[in-house]
Amino acid sequence: MGSQDIELLGGFDYCREYKGLHVLDAHHQVRELQTILRDKNTSRSDFKFYADRLIRLVIEESLNRLPFTDCKVITPTGATYNGLKYKSGNCGVSIVRSGEAMEQGLRDCCRSIRIGKILVESDADTHEARVVYARFPEDIAQRHVLLMYPIMSTGNTVSKAINVLKEHGVKEECIILSNLFCTPQAVQTILDSYPKMKILTSEVHPVAPNHFGQKYFGTD
């Protein structure tokens, strides 16, 4: 997290306070993508194009947090190469609907990865978030999970999704939230409640671009 980000957040370094929080390096490419996605004048086609670019960066970095194991391969010249490979048992879970925007980015990186879904809706009377649908691989309790949700304002929706994963036997330390934008409140809500999990995001900012899902899917 850069000095400008820390200044914006009142001088509080969330990455230092929360070891489970990982923020993409704020180099110029990332800043430009964030700027385009926050600009109200960005067209829908440009928005989707640049959102997919930022999603890819977040997914790639999220994959770096998964466990690897040593391996050896034989090259075409007959030499032995000491390399790495993912440990078996990874999957993605998208929180419908905006989380589905991140599914293709994950598939582009991991061609055969299995992806589950969780639908969380607000109760019409109480406005309390509740899970109305969940579909996972049968052996999800033995897997590491990339939970995909691009915009996190309060953390309530993600919290409900995490509870469902834990009810299905997923260990807290095996959950990585892949996220584009989140607020300080959401970071606190999630990592105070689930300190063993990880959040990988491009930015922690007091104002989240909550128009993301409507703009990405063209429903605004």
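By the naming in an unreviewed UniProt entry, the protein chain goes by Uracil phosphoribosyltransferase homolog and is assigned to Aromia moschata. A UniProt comment under Sequence similarities (unreviewed entry) is attached to the protein chain, and it reads "Belongs to the UPRTase family."

> So what's going on with the overall build of the protein chain? Residues and values would help.
Helix and strand counts for the protein chain stand at 8 helices and 12 strands. Taking 220 residues into account, the globule formula puts the C-alpha radius of gyration at 17 Å, and the protein chain, at 18 Å, falls close to it. Seen through its principal axes, the protein chain has C-alpha atoms that stretch 60 × 40 × 35 Å. Each of the 220 residues in the protein chain was classed as buried or not, and the buried ones make up 46%. Intrachain contacts of the protein chain at a sequence separation of at least 6 include 63% that bridge at least 24 residues. Working note: accessible area of the protein chain is about 11,600 Å², and carbon and sulfur atoms make up 45% of it.

> Residue-level account of the pattern of salt bridges, with values.
Summed over the entire model, instances satisfying the criterion amount to 10 salt bridges. The closest approach of N and O atoms between Lys117 and Glu103, which form a salt bridge, is 2.5 Å. Of this pair, Lys117 sits in strand β5 (residues 114-122) while Glu103 sits in helix α5 (residues 103-109); the two residues are 14 residues apart in sequence, bridging distant segments of the chain. Owing to a relative accessible area of 8%, Glu103 belongs among the buried residues under this scheme. A salt bridge links Glu172 to Lys166; the shortest N-O distance between them is 3.0 Å. With relative accessibility at 35%, the residue Lys166 sits in the partly exposed group.

> Outline the environment of His168, listing residues and values.
Structurally, the position occupied by His168 is in the loop between α6 (156-167) and β9 (175-178). The sequence separation of His168 and Ala141 amounts to 27 residues, and the corresponding C-alpha distance is 6.2 Å. Setting aside residues up to four positions removed in sequence, His168 forms contacts with Phe136, Ile140 and Ala141. A polar contact of 2.9 Å, which involves the side chain of His168, links it to the backbone oxygen of Val164.

> For a nonpolar patch on the surface, give the residues involved together with the corresponding values.
Together, Phe68, Leu84 and Tyr86 make up an exposed nonpolar region whose accessible area comes to about 280 Å². Within the secondary structure layout, Phe68 lies in strand β2 (residues 68-74). A relative accessible area of 34% places Phe68 in the partly exposed class.

> Give a detailed account of unusual backbone geometry, specifying residues and quantitative values.
A cis amide bond links Val96 with the next residue in sequence, Arg97, at an omega value of 5 degrees. Tracing the sequence through the fold places Arg97 in the loop between β4 (90-96) and α5.

> Could you give an account of the sheet that holds strand β8 (residues 151-152), naming the residues involved and the relevant values?
Sheet strands pair by backbone hydrogen bonding; their relative direction is either parallel or antiparallel. Pairing in this open sheet of 3 strands is parallel, and the strands run β8-β10-β12 from one edge to the other. Taken across any chain shown, the strands that pair with only one partner, and hence form the sheet edges, are β8 and β12 (203-204). Pairing geometry for strand β10 (residues 181-182) and β12, over 2 bridges, is parallel. In the sheet register, Cys182 faces β12, and the bridge partner there is Val204.

> Give me the lowdown on α6, citing residues and values where you can.
For α6, built from 12 residues, the straight-helix expectation of 16 Å at 1.5 Å per residue is met to within 8% by its first-to-last C-alpha distance of 17 Å. All of the buried residues in α6 are Val158, Ser159, Ala161, Ile162, Val164 and Leu165. Immediately beyond the C-terminal end of α6, within one or two residues, lies Gly169, with a positive phi of roughly 95 degrees.

Cut-offs used in this document
Throughout, residues of each chain are indexed from 1 in the direction in which the sequence is written. Given that this is a predicted model, residues contribute local features only at a pLDDT of at least 70 and side-chain atom pairs are listed and counted only at 80 or more, while totals for whole chains, interfaces and linings are drawn from all residues. By convention in this description, side-chain values take in all heavy atoms of the structure and omit both hydrogens and water. UniProt positions are given in the numbering used here, feature names are shortened, and annotations may be inferred rather than shown by experiment. Helix and strand definitions here come from DSSP, where helices need a minimum of 4 consecutive H or I residues and strands a minimum of 2 consecutive E residues; each element is numbered from the N-terminal end. Within these notes, the globule rule equals 2.2 Å times the number of residues to the 0.38 power, and the radius of gyration is based on C-alpha atoms. Partly exposed residues are those whose accessible area sits between 20% and 50% of the maximum for their type, while under 20% is buried and over 50% is exposed, using a 1.4 Å probe and protein chains only. When checking whether two residues touch, look at their non-hydrogen atoms; a contact exists if any pair is within 4.5 Å. In this description, accessible areas are obtained by the Shrake-Rupley approach with a 1.4 Å probe, and a residue is regarded as covered only by the protein chains that are shown. Note on definitions: salt bridges are taken to be side-chain nitrogens of Lys or Arg within 4 Å of carboxyl oxygens of Asp or Glu. Any N or O atom pair separated by 3.5 Å or less is treated as a polar contact, with the protein-specific requirement of one donor-capable and one acceptor-capable atom, and with residues adjacent in sequence counted only for side-chain atom pairs. Only residues whose relative accessible area exceeds 30% and that form no salt bridge are eligible for patches; like-charged ones are grouped when within 9 Å, while nonpolar side chains (Val, Leu, Ile, Met, Phe, Trp, Tyr) are grouped when within 5 Å. In short, DSSP must find at least two bridges between two strands for them to pair. Each helix should span, by expectation, one fewer than its residue count multiplied by 1.5 Å.

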